[in-house]
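Fold and geometry: a report
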Amino acid sequence: MNAPDAGCGHGAGGGPDARDALDAPGAHDARDASSAPGTRDASSGRGDGPGFAPVRVLPAGPHALLVELADGEHAEAFHAELLRRRERGELPAVREIVPAARTILLDGIHDGIHAGARERTPGARERFARDLASWRVEPPRRESREPVEIPVVYDGPDLDEVGALWGVPAGEVAALHSRTAFRVAFCGFAPGFGYLTGLPERLHVPRRTTPRTRVPAGAVALAGPYTGVYPRPSPGGWQIVGRMPDPGALWDTAREPAALLVPGTPVRFVAVGAGAGDGGAGALPAPRAGDVPAGRARAGDSSVGA
């Protein structure tokens, strides 16, 4: 079984509220890490040349490092590079790699050289931090994979408000949203909840002023640059534009990985008729995962809320 690095597991870690996702994204709020008593900047790199951006590496507890990136695109590229180097056996022993909006948490780092090392080497984490800050990682390459298709009935309670914010009739929200090519940036909040990016900046919307105490499973909602599909009922403050008729496919413990929407997965929303939830003429087959990356979803993710 692969090591847990998908970052799409249980949201039981008590991460920051979803409002942080809109102003300071990150599964583990970098502001808290950098301002905690006794915390110092482990290492930082400025980046040079086209496509490069600064990297900041901070200690997080006794056995973890928090890598801060400039934006979501660089975080995605850095995460992919970490996975490639671990696959080649070029990383120190790291138990978990957890991507977020613009940070990556490397947890379970113990003194040693590489994952197979038998002898402990003091100071390995500090050397690893300096090494990480020196990496030069190109922007992510978009693989040509079939997207996961999510059927959506666009009849959400916030459809009119989103249409007004977008400057279009409510009936055009479905067309604009379903024509967008999405990608899973990171996961958290609840098992199977993916934070999807792809909407242009002019279509970003604020959270609701008053969050709902209960959002039903399958709700398709927007906040800031993100779209998400709630895998189970929970409180939430995002703008609901529709619903997925059968959200059970989002999190299936009998599947490997259990999360359908893991980081890097391309996603397309498909508008269906209101009868889809009852098996009517507008019903579509269950979402297809296409070429979903392998890797077990992480249990204990403390990403931002929704």
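One can find the structure itself at the top, above this paragraph.
Here the residue numbering is sequential within each chain, running from 1 through the sequence in written order. Where totals are concerned, whole chains, interfaces and linings use all residues; where local detail is concerned, this predicted model gives features only for residues with pLDDT of at least 70, and gives and counts side-chain atom pairs only at 80 or more. Note: side-chain values were computed over all heavy atoms of the structure, leaving out hydrogens and water.

**Overview of the overall build of the protein**
The helix count covers DSSP runs of H or I at least four residues long, the strand count covers runs of E at least two residues long, and both are numbered beginning at the N terminus. Along the protein, the regular secondary structure elements total six helices and 14 strands. In this scheme, a residue with accessible area under 20% of its type's maximum is buried, one over 50% is exposed, and one in between is partly exposed, where area comes from a 1.4 Å probe on protein chains only. Here the protein, with 306 residues, has 52% of them falling under the buried criterion. Carbon and sulfur atoms make up 50% of the accessible area of the protein, which totals about 13800 Å². All accessible-area figures derive from a Shrake-Rupley calculation using a 1.4 Å probe, and residue coverage is judged against the displayed protein chains alone.

**What to know about helix H3 (residues 72-87)**
Each residue after the first adds 1.5 Å to the expected span of a helix. Its 16 residues place the ends of H3 23 Å apart at the C-alpha level, agreeing with the 22 Å of an ideal helix rising 1.5 Å per residue. Buried within H3 we find His-74, Ala-75, Glu-76, Ala-77, Phe-78, His-79, Glu-81, Leu-82 and Arg-85. Those residues of H3 that are buried are in contact with strand E2 (55-59), strand E3 (64-68), strand E4 (96-99), strand E5 (103-107), helix H4 (124-134) and strand E7 (182-187). Any pair of N or O atoms that falls within 3.5 Å is considered a polar contact. Within protein, one atom must be able to donate a hydrogen and the other to accept it, and sequence-neighbouring residues count only if both atoms are side-chain atoms. Where H3 begins, the capping side chain belongs to Asp-71, and its oxygen is found 3.2 Å from the backbone nitrogen of Glu-73. Just downstream of H3, Gly-89 is the residue with a positive phi angle, here 75°. Here a residue-residue contact requires only that any non-hydrogen atoms of the pair lie within 4.5 Å.

**Quick look at the pattern of salt bridges**
By salt bridge we mean one thing: a side-chain nitrogen of Lys or Arg within 4 Å of a carboxyl oxygen of Asp or Glu. In total, this model carries 10 salt bridges according to the counting rule given. As a salt-bridge pair, Arg-56 and Glu-68 come within 3.5 Å of each other at their nearest N and O atoms. In this pair, Arg-56 sits in strand E2 while Glu-68 sits in strand E3, placing the two residues 12 residues apart along the sequence. Assessed through its relative accessible area of 30%, Arg-56 is described here as partly exposed. Using a relative accessible area of 14% as the deciding quantity, one classes Glu-68 as buried. Residues Glu-76 and Arg-183 are paired through a salt bridge, measuring 2.7 Å at the closest nitrogen-oxygen approach.

**Side note on the side chain of Thr-227**
Relative to the assigned elements, Thr-227 resides in strand E11 (residues 226-229). A distance of 3.3 Å separates polar atoms of two side chains, one belonging to Thr-227 and the other to His-177. When neighbours within four sequence positions are excluded, Thr-227 is seen to be in contact with His-177, Phe-182, Gly-194, Tyr-195, Leu-196, Leu-199, Val-220, Ala-221, Leu-222, Trp-238 and Phe-269.

**Remarks on unusual backbone geometry**
Note: most residues except glycine have negative phi, and most peptide bonds are trans. Glu-256 connects to Pro-257 through a cis peptide bond whose omega is 0°. Among the secondary structure elements, Pro-257 is positioned in the loop between strand E13 (239-243) and strand E14 (266-271).

**Quick look at the packing of helix H5 (residues 159-166) against helix H6 (residues 170-178)**
Where helices are involved, their axes are fitted lines through C-alpha atoms of the stretch in contact, as for all axes, and angles between N-to-C directions lie from 0 to 180°. Look at H5 against H6: their axes get within 8 Å of each other, and the N-to-C directions meet at 75°. Between H5 and H6, the interaxial angle falls into the category roughly perpendicular. Two secondary-structure elements touch here, H5 through Leu-159, Asp-160, Val-162, Gly-163 and Trp-166 and H6 through Ala-170, Val-173, Leu-176 and His-177. For classification purposes, angles smaller than 35 degrees are called roughly parallel, those larger than 145 roughly antiparallel, those between 65 and 115 roughly perpendicular, and all remaining angles oblique.

**What to know about the packing of aromatic side chains**
Each Phe, Tyr or Trp ring (for Trp, its six-membered ring) is paired with any other whose centre lies within 6.5 Å, and the angle between the two planes then decides the class: stacked below 30 degrees, edge-to-face above 60, tilted in between. In total, this model carries 11 aromatic pairs according to the counting rule given. A centroid spacing of 5.6 Å and a plane angle of 75° characterise the contact between Phe-193 and Trp-238, whose relative ring orientation is edge-to-face. Here Phe-193, found in the loop between E7 and strand E8 (194-197), pairs with Trp-238, found in the loop between strand E12 (234-236) and E13; they are 45 residues apart in sequence, far enough to count as distant. Residues Phe-193 and Trp-238 agree in their burial class; the two are buried. Their ring planes at 85° and their centres at 5.5 Å tell us that Tyr-195 and Tyr-226 sit as a pair that is edge-to-face. One end of the pair, Tyr-195, is in strand E8; the other, Tyr-226, is in strand E11, with 31 residues separating them in the sequence. By relative accessible area, which is 0% here, Tyr-195 ends up buried. In this structure Tyr-226 comes out as buried when scored by relative accessible area, which is 5%. Two conditions define a charge sitting above a ring: the NZ of Lys or the CZ of Arg must be within 6 Å of the ring centre, and it must be within 35 degrees of the ring normal. The ring centre of Trp-135 lies 3.7 Å from the NZ or CZ of Arg-85, which sits over that ring.

**Topic: the nonpolar core**
Nonpolar cores were defined as sets of buried Ala, Val, Leu, Ile, Met, Phe, Trp, Tyr and Cys residues, with membership established by side-chain atoms within 4.5 Å. Formed by 28 residues in total, the largest nonpolar core has its most connected members in Ile-150, Trp-166, Val-241, Leu-261, Val-267 and Phe-269. If you list the elements that add at least two residues to this core, you get strand E6 (148-152), H5, H6, E7, strand E10 (219-223) and E14. Look past the residues within four positions of Val-241 in its chain and what remains in contact with it is Val-153, Tyr-154, Asp-155, Gly-156, Leu-159, Val-162, Val-173, Val-220 and Leu-222. Counting residues in hydrophobic clusters, the runner-up holds 21 residues, among them Leu-65, Val-67, Val-94 and Ile-109.

**A closer look at the environment of Val-270**
Among the structural elements, Val-270 can be located in strand E14. The exposure class assigned to Val-270 is buried, which follows from its relative accessible area of 15%. Separated by 26 residues in sequence, Val-270 and Met-244 place their C-alpha atoms 9.7 Å apart.

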